[in-house]
Amino acid sequence: LEDAARQQRGRAEKLLVEEKQKEKAAVNLQKFEKRKSAERLLREALENAKAEKIKQSAEPKEQQTEELKQLAEQQARENDEDEKEDALRLKILGDLEKRKADAEKAAA
């Protein structure tokens, strides 16, 4: 009986350590997400400024149009990458929440 209690206590302690690690990972992921969000806003502002500069330049309209098209394509690629990163972060957070719930059930 004492061995079973020790084993159960050991499993509970292990789950608690894992839980703390997962919570720390979730916090780090949220910090990363905030930083990425700020980076995206900055990137978008720079891209908008670049687009305005192209529009106001003395270059021929055809060249402006081509440069704006290239900029739009670049923005679309970056937005796709951002969406993929967001989906992955959401999946990771969902997995962490599921594991947390599973650990709580096992500890109970």
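Below you will find a few notes about this structure.

**Here's the deal with the environment of K100**
Piece 1. Examined against the element boundaries, K100 turns out to sit in helix α2 (residues 61–107).
Piece 2. Looking at K100, the relative accessible area reads 26%, which means it is partly exposed.
Piece 3. Between the C-alpha atoms of K100 and E18, which are 82 residues apart in sequence, the distance is 9.0 Å.
Piece 4. Other than its neighbours up to four places away in sequence, K100 contacts E19 and E23.

**As for the side chain of Q64**
Piece 1. With respect to the element layout, Q64 can be found in helix α2.
Piece 2. At a separation of 2.8 Å, a polar atom in the side chain of Q64 contacts the main-chain carbonyl oxygen of S57.
Piece 3. Non-local contacts of Q64, meaning those with residues more than four positions away in its chain, are made with I54, K55, S57 and E59.

**Thoughts on the environment of R40**
Piece 1. Relative to the helices and strands, R40 resides in helix α1 (residues 2–56).
Piece 2. What makes R40 buried here is its relative accessible area of 14%.
Piece 3. The sequence separation of R40 and R89 amounts to 49 residues, and the corresponding C-alpha distance is 15 Å.
Piece 4. Discounting chain neighbours no more than four positions away, the residues touching R40 are D82, E85, D86 and R89.
Piece 5. A distance of 3.3 Å separates a polar atom in the side chain of R40 from a polar atom in the side chain of D82.

**What to know about the pattern of salt bridges**
Once their charged atoms are close, side chains differing in charge can pair, the charge on each being opposite to the other.
Piece 1. For the structure on display, the rule yields 16 salt bridges.
Piece 2. The residue R6 makes a salt bridge to E2 at a minimum N-O spacing of 3.3 Å. Linking R6 with E2, this pair stays in helix α1, spanning four residues, or about one helical turn.
Piece 3. Classification of E2 by relative accessible area gives exposed; the value is 57%.
Piece 4. Here R35 makes a salt bridge to E39, at a shortest N to O gap of 3.8 Å. One end of the pair, R35, and the other, E39, are both in helix α1, four residues apart, so they sit about a helical turn from each other.
Piece 5. When its relative accessible area of 46% is taken as the criterion, R35 is described as partly exposed.
Piece 6. In this structure, a network of salt bridges that share partners links the residues E33, R35, K36, E39, R40, R43, E47, E78, D82, E85, D86 and R89.

What counts, and at which threshold
- Residues numbered from 1 in each chain as written.
- Predicted model: local features only at pLDDT ≥ 70, side-chain atom pairs only at ≥ 80, totals over all residues.
- Heavy atoms only, no water.
- Helix = DSSP H or I, 4+ residues; strand = E, 2+ residues; numbered from the N terminus.
- Buried < 20%, exposed > 50% of the residue type's maximum accessible area, 1.4 Å probe, protein only.
- Contact = heavy atoms within 4.5 Å.
- Polar contact = N/O pair within 3.5 Å; in protein donor to acceptor, adjacent residues only side chain to side chain.
- Salt bridge = Lys/Arg side-chain N within 4 Å of Asp/Glu carboxyl O.

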